[in-house]
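The residues making up each chain are set out below.
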Amino acid sequence: MITDNIFKVTCDVRNCRNIAQYTLPAKGRMGHFYICGDCLETIAKEVAAKRVPKSPTNAVKKALNRKSETIREMVDE
């Protein structure tokens, strides 16, 4: 999806004048979205901050999973 840019164009992010290093496909007349490494890193950090991590398995769920695995093993034998 993200590819290296081979053309000398500026970043399409507003108020950024850096040379674009990466290209993203886009719909419409534009066809491509050019982005520099700094803007890409900033966007990635913002997305990671908004994304909620998956909660870890609690002790009860772990015990139930172990119990079901041992039952399956006993049935398979």
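Above: the structure in question.
Conventions used here
- Residues numbered from 1 in each chain as written.
- Predicted model: local features only at pLDDT ≥ 70, side-chain atom pairs only at ≥ 80, totals over all residues.
- Heavy atoms only, no water.
- Salt bridge = Lys/Arg side-chain N within 4 Å of Asp/Glu carboxyl O.
- Helix = DSSP H or I, 4+ residues; strand = E, 2+ residues; numbered from the N terminus.
- Buried < 20%, exposed > 50% of the residue type's maximum accessible area, 1.4 Å probe, protein only.
- Pairing = 2+ DSSP bridges.

Colleague: Hey, could you run me through the pattern of salt bridges in this one?
Modeller: Here the idea is simple: oppositely charged side chains can pair when their charged atoms come close. Using the criterion set out here, one finds 1 salt bridge in the structure. With a closest N to O distance of 3.4 Å, Glu41 and Lys45 form a salt bridge. With Glu41 and Lys45 both in helix H1 (residues 37-50) and 4 residues apart, this pair spans about one turn of that helix. Since its relative accessible area comes to 55%, Lys45 is described here as exposed.

Colleague: What's the story with the pairing of strand E3 (residues 32-35) in this structure? I'm lost.
Modeller: Consecutive side chains of a regular strand alternate in pointing toward one face of the sheet and then the other. Summarising the sheet, strand E2 (residues 22-25) and E3 pair through 4 bridges and their orientation is antiparallel. Looking across to E3, one finds that Thr23 is bridged to Tyr34. The antiparallel hairpin formed by E2 and E3 contains 6 residues in its connecting segment, where Gly28 sits at a positive phi of about 90 degrees.

Any functional reading would require information that these geometric values do not contain.
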